[in-house]
Amino acid sequence: MTVESPENQHFVRLVQALTPWLNQIVIIGGWAHRLYRLHPLSQRLEFPPLASFDTDVAIPEKLPVLEQDLHERLRESGFEEEFLGEYRPPVTHYRLGEDAGGFYAEFLTPLIGGAENRGKPTTTINVAGVTSQKLRYLDLLLHAPWHVTLVDSAGFPVKQPTSVQIPNGASYLAQKLLIHDKRNSKGRAKDAVYIHDTIQTFGRSLAQLHGEWTEHVKPMLAAKAAATVVNSADALFGEVNDTIRDASIEAGSTGRNVRPEELREVCYAGLKQIFV
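Residues numbered from 1 in each chain as written. Predicted model: local features only at pLDDT ≥ 70, side-chain atom pairs only at ≥ 80, totals over all residues. Heavy atoms only, no water.

## Concerning the overall build of the protein chain
When helices and strands are tallied, the protein chain shows 11 helices and 11 strands. Seen through its C-alpha atoms, the protein chain measures out along the principal axes to roughly 55 × 50 × 35 Å. Counting every position in the protein chain, which comprises 276 residues, the buried fraction comes to 50%. Of the contacts made within the protein chain by residues no fewer than 6 positions apart, 71% connect residues no fewer than 24 positions apart. For the protein chain, the accessible surface area stands at approximately 13400 Å², while carbon and sulfur atoms represent 49% of it. Each charge sign in the protein chain was given a centre, from 28 positive and 33 negative side chains, and these centres are 4 Å apart. (Helix = DSSP H or I, 4+ residues; strand = E, 2+ residues; numbered from the N terminus. Buried < 20%, exposed > 50% of the residue type's maximum accessible area, 1.4 Å probe, protein only. Contact = heavy atoms within 4.5 Å. Areas by Shrake-Rupley, 256 points an atom, 1.4 Å probe, with all protein chains shown as cover. Lys, Arg positive; Asp, Glu negative; His and termini not counted. Charge placed at Lys NZ, Arg CZ, Asp CG, Glu CD.)

## Looking at the side chain of T131
Residue position: T131 is located in strand β9 (residues 130-135). Dropping the residues within four chain positions of it, T131 is found in contact with P89, P90, T92, Y94, F107, T124 and I125.

## Some points on the packing of helix α6 (residues 185-201) against helix α11 (residues 260-274)
It is at 9 Å that the axes of α6 and α11 come closest, and there the two elements cross at 65°. Like other packed secondary-structure pairs, α6 and α11 cross with a definite hand, here left-handed. Counting all contacts with α6, which are made through A192, I195, H196, I199 and Q200, the residues of α11 involved are L263, V266, C267, G270 and L271. Grouping the constituent residues of the contact of α6 with α11 by class yields 7 nonpolar, 3 polar and no charged. (Axes fitted to C-alpha atoms, helices over the stretch in contact; angles between N-to-C directions. Left-handed = near helix turned anticlockwise from the far one by under 90°. Nonpolar A, V, L, I, M, F, W, Y, C, P; charged D, E, K, R; others polar.)

## Let's talk about unusual backbone geometry
Most peptide bonds take the trans form, and the phi angle of most residues other than glycine is negative. With phi around 50°, A128 is a residue other than glycine that occupies positive phi space. By secondary structure assignment, the location of A128 is in the loop between β8 (124-127) and β9. Unlike most non-glycine residues, Y137 shows phi in positive territory, near 70°. Its place among the elements puts Y137 in the loop between β9 and α4 (139-142).

## Overview of the pairing of strand β3 (residues 80-84)
Pairing of β3 with strand β4 (residues 91-95) involves 5 bridges; the strand directions are antiparallel. When the bridges of β4 are listed, E80 appears paired with R95. Hairpin connection between β3 and β4: a loop of 6 residues separates the two successive antiparallel strands, and G85 in this loop has a positive phi of roughly 75°. (Pairing = 2+ DSSP bridges.)

See the structure below:
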């Protein structure tokens, strides 16, 4: 039996707060990367996933409110708002109490069209009572998601098996490739580790990820964006660079030794098989 970690306990509290909307929202980012290990297509890895204090939750721009909105559900579960920046509404982290080790949730919504409206930035939006940041290409992660089931035997203290949505593997990788240039150096390095580890997680099922790409992801993209994804193996992993070196160091935080050339080779070969 897998031992429950404090992070898993905090995550379950968040999932319980989000229960009325679990069939409409998608867990993305670092937690999606963790949850991939519960998917039937995954293979067992001998190292733990990268740690992540935050949980990124993708939500559509319109989310129905029944008896309570998202804000009320989060407050009842012990999450408190932390406001950041000068946007209106401000960027908001929904942080669990001080004993939760910094665990917080952040909501993200697709940015469709321009990033400004009448000269004012449209970085944030209120959805069902919470503040959500609008990001480009997030629609890929909401489309054709996969499902995984949280169970107590896997280390998630749920009273009954609970299904949550995560991006299909091809969407997850494609979105990271498309936002690569918008990330800072630390973010690019971390994303390179996510790409490397996702390819390893589904190493025996890359043909299925290719199917997701051709059926669900590529049709959503303009020709230029699709070409960026297809060419990303050569552009980003054609040779060892500073991002790959930094990613090798980042991977070491999980207690393993991944040489830069090894990380590059896995990413290059995997992306070539998925995005063709």
